[in-house]
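# Close look at the chain arrangement
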Amino acid sequence: MEENPTKRKEITDMRDLTLYKELIGEAIDNYIIDAFIGLGGQAVVFLAHGKGLPNIKYALKIFGLLGQATARLDDGLKDAQNQSLVDHPSVVKVYEPGIADIILGGLDYRVFYVPMQYAPLGNCDDDPPYKDKELTIADIKTLIGLLDGLNTIHEAGIIHRDIKPANILRFEERQPAQFVTVLRITDFGIAKVLSAIGGGYEAASGVTPAYMSPEQLDHQHSVKGDIYSMGATLFYMITGQNPIPDPVERNNVFAWQAAHRETPRPNAVDYNPRCPVRLALLIMRMMSIKPDQRPSLDDCIAIMVNYIETLEAKLLGFRLPEKLRDQIAVNKYQIRYIPEFAGIFDPAVHILFGTKLYAIRIQMSRPIFKQYKLLIEYMVKKFSDCFCMYETYGTYDIHIFLWSDSERIAELESDLDSQYAESIIEASPVKQIDHLHANNINVTDSSINGVGALAVQEEISLPGVNPDLYLCGNYPERIPEHSVRAFIYVEAVRTNSPDFQWLRVAIVERVHRKMREMVKMKDKVKQTQPGMPDVTISRNRFPRLSVIELEPDPQKPQKPVMIVNYVARDYKFLHEIATAIIELGDTAVKTSTFLETGRIIIQSDKILF
């Protein structure tokens, strides 16, 4: 049936909704139209059922009623048939498309139709599924399904070009014992179909400015462009906010393009504090301005799978990192484990996550390798590799420093008491820690955030994130190879004195002040090289020096007031710290010094995201 362009002009408003109700009850090939659903950007959408199957519903998209040229319908049919071959649980099923002749308003039309799964629950633009909610493991798996579905679309040779919340449809399906919401991608490849049936993609205006990639208006359509749009869509689904604020000229797509290129990448945690930090960082990376800086969909999926494994491990226990597992398997000393992230966070970063530093010392009843091995395996099971552990000479064999919360520390103490009944275990919360060897910057809550901390820990370059704001400055120098680490526990002598609280404050202030002097002490040495004159250089006697003030315990005033943790360049400097502390008031303080054996060193300041 040929189009009659003269008659077409007689219908002045093809968006008059009452017009399309004429088609209700009409047949289009094997489909009977039941109801008018709405107008899309390029199609009219109807609810339909198959002939003889009134209970099986379809969404029937009809192209060619909104003024598009339809001279090349066969080309569009071929592209739409490719869509029907995509089969994935997170992709809306597209059924066999077709070309049909219909009469509307007394006029003849040749149209192109695409039947697909009907979504009675609507789309994610109408109701963002995770706004103001905490995402469960099931929710994360749903998002992984969307990413994998998009990957399947790409593997079929289709670029979506219009990923947005309105193109993520909601379904309810019955699973064992309950109904669950399922999300599926729709309208994939529609831009290519529209281009095929006439007019070209840009002429079809099939772009959604709030979710388009910055390069989309430059005729660059790629997998990376879809990844950007998916990141923007996930942001909206979690926060209910557009990822990029509307530009002043909100109806100008080029103003939107500039906004996508110039606006700082959005942090979903700012709008939904329950959003996982790892997911918020992933979204920011997916929305990188430069396409080559966006992760692949496989990488995105791997990151989210890893996050699920972390959530499950928090309940079931963490596995030993491969590097540490291999060392323990040898069944002999030395164990030295430092993860890939070897930096030290400013304490303010840990506090941001609601954790406190705890100092734990254990006097093992049987300080043998097997006991240490069991202790390490237990600590990793509970806290992953996010703690420091040192073996020392002296009455206390193990010293652990761990950022956690009071509930988990109480559980830790209880477990250790039962597992090592003959051992003495002391856990003390830390009031304040100062790394005197580091160039600290005054960190405020407004200058740091969880997403930035994760980016720093994983060494991901993120615009606007300055690692120096998160880490304890630049260490003046590396720890020398033959240096020795020591821990000095400083205790007050007159704990029964009525002036004890004042005395405690005085001890802390004096030790702090003296240690600030000690960390600056230098040692001059000559360096000799063959054929070169000797050179005298200055080196820090104490390349590492941290002062750790412990929380007072009214029930146990005899507990240590503070710990001085330091590294001496040489054994001959080892005594100087303890001597300096005693000289501050030998009648007021006493010290216990523990030297690291070097046999067990687990050193990590990682945060478990």
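Residues numbered from 1 in each chain as written. Predicted model: local features only at pLDDT ≥ 70, side-chain atom pairs only at ≥ 80, totals over all residues. Heavy atoms only, no water.

A tally of helices and strands in the protein yields 16 helices and 19 strands. Taking 2.2 N^0.38 as the reference for a compact globule, 609 residues should give roughly 25 Å; the C-alpha atoms of the protein span a radius of gyration of 33 Å, well beyond that estimate. By principal-axis analysis of the C-alpha atoms, the protein measures approximately 105 × 60 × 50 Å. For the protein, buried positions account for 52% of its 609 residues. The long-range share in the protein, meaning contacts at least 24 apart out of those at least 6 apart in sequence, stands at 70%. Of the roughly 29,300 Å² of accessible surface on the protein, a fraction of 49% belongs to carbon and sulfur atoms. Measuring between centres, the 67 positive side-chain charges of the protein sit 6 Å from its 79 negative side-chain charges. (Helix = DSSP H or I, 4+ residues; strand = E, 2+ residues; numbered from the N terminus. Rg over C-alpha atoms; globule rule 2.2 N^0.38 Å. Buried < 20%, exposed > 50% of the residue type's maximum accessible area, 1.4 Å probe, protein only. Contact = heavy atoms within 4.5 Å. Areas by Shrake-Rupley, 256 points an atom, 1.4 Å probe, with all protein chains shown as cover. Lys, Arg positive; Asp, Glu negative; His and termini not counted. Charge placed at Lys NZ, Arg CZ, Asp CG, Glu CD.)

So, about the packing of helix α12 (residues 369-383) against helix α13 (residues 406-419). Between two packed helices, the angle of one axis relative to the other and the distance separating the axes together describe the packing. Relative to each other, α12 and α13 sit at 155°, their axes nearing to 12 Å. One way to sum up the angle between α12 and α13 is to call them roughly antiparallel. α13 is crossed by α12, and the crossing has right-handed handedness. Two secondary-structure elements touch here, α12 through L375, Y378, M379, K382 and F383 and α13 through R408, E411, L412, D415, L416 and Q419. Residues of the contact of α12 with α13, tallied by class, amount to 6 nonpolar, 1 polar and 4 charged. (Axes fitted to C-alpha atoms, helices over the stretch in contact; angles between N-to-C directions. Parallel < 35°, antiparallel > 145°, perpendicular 65-115°, else oblique. Left-handed = near helix turned anticlockwise from the far one by under 90°. Nonpolar A, V, L, I, M, F, W, Y, C, P; charged D, E, K, R; others polar.)

The 6 strands lie next to each other as β1-β2-β3-β4-β6-β5, forming an open sheet whose pairing is antiparallel. The sheet is open, and its two borders are formed by β1 (27-28) and β5 (98-104), each paired with just one other strand. Note: β1 against strand β2 (residues 31-39), 2 bridges, orientation antiparallel. Residue pairing for β2: I28 is matched across the bridge by Y31. (Pairing = 2+ DSSP bridges.)

Attention now moves to the pattern of salt bridges. Within this structure, the stated rule accounts for 21 salt bridges. One salt bridge connects R294 with E215, and the closest N-O pair in it is separated by 2.9 Å. Linking R294 in the loop between α8 (277-286) and α9 (297-316) with E215 in the loop between α5 (190-197) and α6 (223-239), this pair joins segments that are 79 residues apart in sequence. Here the two residues R294 and E215 agree in accessibility, since each one is buried. Measuring nitrogen to oxygen at the nearest pair gives 2.5 Å for the salt bridge that ties K382 to E411. Separated by 29 residues along the polypeptide, K382 in helix α12 and E411 in helix α13 bring together distant segments of the chain. For E411, a relative accessible area of 36% translates into the label partly exposed. Through salt bridges that share partners, K382, E411 and D415 make up one connected network. (Salt bridge = Lys/Arg side-chain N within 4 Å of Asp/Glu carboxyl O.)

What follows covers the side chain of N167. Topologically, N167 is positioned in the loop between α4 (137-155) and β7 (168-175). Residue N167 is classed as buried on the basis of its relative accessible area, which comes to 4%. Beyond its immediate chain neighbours, meaning those up to four positions away, N167 contacts H160, D162, R184, I185, T186 and D187.

Before going further, it helps to examine the pairing of strand β13 (residues 424-435). A regular strand places its side chains on the two faces of the sheet in alternate fashion. Alignment of strand β10 (residues 356-363) against β13, held across 6 bridges, turns out to be antiparallel. Residue pairing in the sheet places A359 in a bridge with S428 of β13.

Moving on to the nonpolar core. Within the largest apolar cluster, 83 residues are counted, with the highest numbers of intra-cluster contacts made by L143, M230, M237 and L279. If one sorts the elements of this core by residue count, α6 sits on top with 9 residues. M237 has contacts with C124, P128, P129, Y130, K131, L143, L146, I168 and L183, leaving out every residue within four places of it along the chain. (Core = buried A, V, L, I, M, F, W, Y, C linked by side-chain atoms within 4.5 Å.)

So, about the environment of F383. Here F383 shows up in helix α12. Spatially, the C-alpha atoms of F383 and L503 are 36 Å apart, while their sequence positions differ by 120 residues. When near neighbours in sequence (up to four residues on either side) are disregarded, F383 contacts F318, L402, S404, R408 and L412.

Attention shifts here to unusual backbone geometry. Put simply, Y333 and Q334 share a cis peptide bond, and its omega is 15°. Within the secondary structure layout, Q334 lies in the loop between α10 (322-329) and β9 (335-337). Unusually for a residue other than glycine, S384 sits at a positive phi of about 60°.

A few words now on the packing of aromatic side chains. The geometry of an aromatic ring pair is captured by two quantities: the separation of the ring centres and the angle between the planes. Under the criterion given, the structure shown has 17 aromatic pairs. With a centroid separation of 5.7 Å and an interplanar angle of 25°, the aromatic rings of F401 and F487 are classed as stacked. In this pair, F401 is assigned in strand β12 (residues 398-404) and F487 in strand β14 (residues 484-492), connecting sequence segments 86 residues apart. Relative to F594, the ring of Y489 has its centre 5.6 Å away and its plane inclined at 90°; by these criteria the two rings are edge-to-face. (Phe/Tyr/Trp six-rings, centres within 6.5 Å; stacked < 30°, edge-to-face > 60°.)

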